[in-house]
Amino acid sequence: MQPLHGNAVITGVSCPSTSACFAADSRGAVLSSTPPAGWRRAFTDPSGGLVAISCGSAATCVALDHSGQAFTLSNGIWSSPAMVDTGTGTFTGLSCPTATFCMAADSSGAAFASTPAGWQQFTVDTSGGGLTGVSCANSSFCVAVDNGGAVYTFNGTSWSGLSAIDVGHSFTAVSCATATFCVAVDNSGNAAVLNHGTWTVGPIGSTMVTVSCPVRGFCVATNGAGGSAVYRSAKWSPVSVVDGSIPIETLSCATATFCVATDHRGNVLYYRPT
């Protein structure tokens, strides 16, 4: 992907497999790639301003825009816009663990689950804060995080009340590999790890803005200064500078040996350890 011109930035990336990746940008474009091939424009939101994308399979994706609309890729065709969020919030997260289920979160504390009958709204955060991210391991387990250090859990039917695990900090991202393993990162250089029902908060060495955990026990996180860290064997690696000082703002790992990230200039970084 060539660096973007003007004010457009990549706002989301999703790689459901090592051979399929999709990205969305702030001008409404969806780009697709079959790594290691290049990127091409696959779709454009006429109202512009895509804020998130998540793909449950190589043939099924959902993209969200700043107007509260959702677009769905199915059988090679992008749908017309469907209005999802008619409230006062804006989308802050999207997770599609399968081809038939997605969960979105917004800044007003609401969550939206895709169902065969359409999108179902839930009131999740009633504390007055806003949700900052959501991740689902499957259609029966999701975790949402907020700007006050709390987490919320979805059991397939309803959301739990808040669990304050990182009080005084704002979570920036969350990723769940399974229903027993999730990682959330905050704005103060900490990571909260869910392991078999228990959250543990500890320092990560940098303030991370993204995290992606494709399998239990393994995650990659990136920061706003071109750095990344890897979680394995229950500990974080030292932060490595991989992109100068450019913020790395989106990240998706399909496996423990394949991740794709994009930076603020529209460049793509690939993680392929040898």
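Residues numbered from 1 in each chain as written. Predicted model: local features only at pLDDT ≥ 70, side-chain atom pairs only at ≥ 80, totals over all residues. Heavy atoms only, no water.

## Remarks on the overall build of the chain
Convention followed: The secondary structure listing takes helices from DSSP runs of H or I that are at least 4 residues long and strands from runs of E that are at least 2 residues long, numbered from the N terminus. We take the radius of gyration over the C-alpha atoms and set the globule estimate at 2.2 Å times the residue count to the 0.38 power. When accessible area is computed with a 1.4 Å probe and restricted to protein chains, residues below 20% of their type maximum are described as buried, those above 50% as exposed, and intermediate ones as partly exposed. Residue contacts follow a heavy-atom distance rule, with two residues in contact if any of their heavy atoms lie within 4.5 Å. In these tables, accessible area is a Shrake-Rupley quantity obtained with a 1.4 Å probe, and a residue counts as shielded only by the protein chains included in the view.
Within the chain, the regular secondary structure consists of zero helices and 29 strands. Since a compact globule built from 274 residues should have a radius of gyration of about 19 Å, the 17 Å found for the chain is in line with a globular shape. Seen along its three principal axes, the alpha-carbon backbone of the chain occupies a region of about 45 × 40 × 30 Å. With 274 residues in all, the chain has 52% of them scored as buried. For the chain, the proportion of contacts with a sequence separation of at least 24, taken over those separated by at least 6, is 34%. Element-wise, carbon and sulfur atoms account for 51% of the exposed surface of the chain, whose accessible area totals about 11300 Å².

## Quick notes on the sheet that holds strand β4 (residues 39-44)
To keep things clear, this is the line we draw: Here the rule is simple: two strands pair whenever DSSP picks up at least two bridges between them. Fitted lines through C-alpha atoms give the axes, limited to the stretch in contact for helices. The angle between two N-to-C directions lies from 0 to 180 degrees.
Pairing is antiparallel in the open sheet, where four strands are placed in the order β1-β2-β3-β4. Pairing within the sheet leaves two strands with one partner each, and these edge strands are β1 (10-17) and β4. Across this sheet, the average inter-strand angle for adjacent strands is 25°, counted without regard to direction. Here strand β3 (residues 29-33) runs beside β4; their pairing, made up of five bridges, is antiparallel. The partner of Val30 across the bridge, within β4, is Phe43.

## Re the environment of Val167
Along the chain, the position of Val167 falls in the loop between β17 (163-164) and β18 (171-178). Take Val167: its relative accessible area is 64%, and that puts it in the exposed class. In this structure the C-alpha to C-alpha distance between Val167 and Gly149, which are 18 residues apart in sequence, comes to 4.8 Å. Contact partners of Val167, with chain neighbours within four places excluded, come to Gly148 and Gly149.

## Let's talk about the pairing of strand β15 (residues 141-146)
For β15, the buried fraction is high: six of the six residues fall into the buried class. Covered by surrounding structure in β15 are Phe141, Val143 and Val145 together with Cys142, Ala144 and Asp146, the residues of both alternating faces. By the bridge criterion, six bridges tie strand β14 (residues 131-138) to β15 in an arrangement that is antiparallel. Residue pairing across strands places Leu131 opposite Asp146, the latter belonging to β15. Hairpin remark: β14 followed by β15, antiparallel, with two residues in the connecting loop. What sits between β15 and strand β16 (residues 150-154) in their antiparallel hairpin is a turn of three residues, with Gly149 showing a positive phi close to 85°.

## Regarding the environment of Val134
Positionally, Val134 belongs in strand β14. Through-space distance from the C-alpha of Val134 to that of Val174 is 6.2 Å; in sequence the pair is 40 residues apart. Once residues within four sequence positions are removed from consideration, Val134 is found in contact with Gly93, Leu94, Ser95, Met103, Ala104, Ala105, Val143, Ala144, Trp159 and Val174.

## Quick look at the pairing of strand β23 (residues 218-223)
Burial runs high along β23: six of the six residues are buried. Side chains Phe218, Val220 and Thr222 project from β23 onto one buried face, and the interleaved Cys219, Ala221 and Asn223 project onto a second face that is buried too. Bridge count for strand β22 (residues 208-215) against β23 is five bridges, and the pairing is antiparallel. Residue Val215 lies in a different strand from β23, and its bridge partner there is Phe218.

## Concerning unusual backbone geometry
Cis geometry marks the peptide bond from Pro35 to Pro36; its omega dihedral reads 10°. Considering the arrangement of structural elements, one finds Pro36 in the loop between β3 and β4. In the Ramachandran plot, Asn75 falls in the positive-phi region, its phi being about 55° despite a non-glycine side chain. Looking at where Asn75 falls in the secondary structure, it is placed in the loop between β7 (69-74) and β8 (77-78). Its relative accessible area of 71% is what places Asn75 among the exposed residues. Phi at Ala234 takes a positive value of approximately 65°, unusual for a residue other than glycine.

All we've got here are geometric facts, nothing functional implied.
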